[in-house]
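# Structural overview
These are the residues of each chain, in order.
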Amino acid sequence: MSKNALIVFTRNPELGKCKTRLAKTVGDEAALNIYKYLLQHTANISKAVETNRFVFYSENIIEDDIWDAKFFNKKLQKGIDLGERMLNAFNELINLGYTKVIIIGSDLYDLDAKTINEAYKTLDANDVVIGPAEDGGYYLLGMKTLHPNVFKNKVWGTDSVLKDTIKDLSSISLKFLKTKNDIDTWEDIKDIPFLVSNFIE
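A few points on the structure. All values derive from a computational prediction rather than experimental measurement. (Residues numbered from 1 in each chain as written. Predicted model: local features only at pLDDT ≥ 70, side-chain atom pairs only at ≥ 80, totals over all residues. Heavy atoms only, no water.)

## As for the nonpolar core
Within the largest apolar cluster, 26 residues are counted, with the highest numbers of intra-cluster contacts made by Leu 6, Trp 67, Ile 102, Ile 104, Leu 111, Ile 116 and Leu 140. If you list the elements that add at least two residues to this core, you get strand S1 (4–10), helix H2 (28–47), strand S2 (52–57), strand S4 (100–104), helix H4 (113–122) and strand S6 (138–143). Ranked by residue count, the leading element in this core is H2, at 5 residues. Once you skip the residues sitting within four places of it in the chain, Ile 102 turns out to touch Ala 5, Leu 6, Ile 7, Phe 90, Ile 116, Ala 119, Tyr 120, Leu 123, Leu 140, Leu 141 and Gly 142. With 24 residues, the next largest nonpolar core counts Ala 5, Ala 89, Val 128 and Leu 162 among its residues. (Core = buried A, V, L, I, M, F, W, Y, C linked by side-chain atoms within 4.5 Å. Buried < 20%, exposed > 50% of the residue type's maximum accessible area, 1.4 Å probe, protein only. Helix = DSSP H or I, 4+ residues; strand = E, 2+ residues; numbered from the N terminus. Contact = heavy atoms within 4.5 Å.)

Structural data, given as structure tokens:
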């Protein structure tokens, strides 16, 4: 068994229920199609990483979908808010004996396997690794032991998340990856020709 675990947090792709801020500009159907593309992209790059992979669904587990059970262990997110859900996921996998646990979202066009591999390598000499997002949050978080405070007392979905997370980790060894852009609004995709030309009418 690999001692590395990769958590992918995903929202079940349903019309009108995902990428709602993006949908305000491009419409529900285009937002859903963009999100489905990003899910497939995330699945593809995750399969290119030598690790044990866990996809955590937001609402219900889907058996026959892009998250092939040959490559992904399927779980359900548990908790009231995003922080509690991430805490429970990390806690479960660390308790299973994984020594490097990384979580990523499923809405990053420019995330690749190389970045995830770099994050695992970074944990060789550091306690925590973070991939900062341009909107003030983060697209990747990795740790070797559980730091529960990271998941508490945050205003999730705001530009204060990364700053407040760093404060919680002030006494340990922390390393940052390159800043990347996660996709939530029209501003996040307007300069990505592939997404605009293929999914926006």
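## Some words on the environment of Ala 43
Mapped onto the fold, Ala 43 is located in helix H2. On a C-alpha basis, the gap between Ala 43 and Trp 67 in space is 6.5 Å, while along the polypeptide they are 24 residues apart.

## Considering the sheet that holds strand S5 (residues 128–132)
The sheet built from 7 strands is open, its strands ordered S3-S2-S1-S4-S6-S5-S7 with mixed pairing. For this open sheet the edge positions go to strand S3 (72–76) and strand S7 (174–176), each flanked by a neighbour on one side alone. Between one strand axis and the next, the sheet turns through 20° on average, direction left out of account. Two elements, S5 and S6, share 5 bridges in a ladder whose sense is antiparallel. Residue Pro 132 lies in a different strand from S6, and its bridge partner there is Tyr 138. Across the sheet, H2 is in contact with S1, S2, S3 and S4; its angle to S1 comes to roughly 175°. (Pairing = 2+ DSSP bridges. Axes fitted to C-alpha atoms, helices over the stretch in contact; angles between N-to-C directions.)

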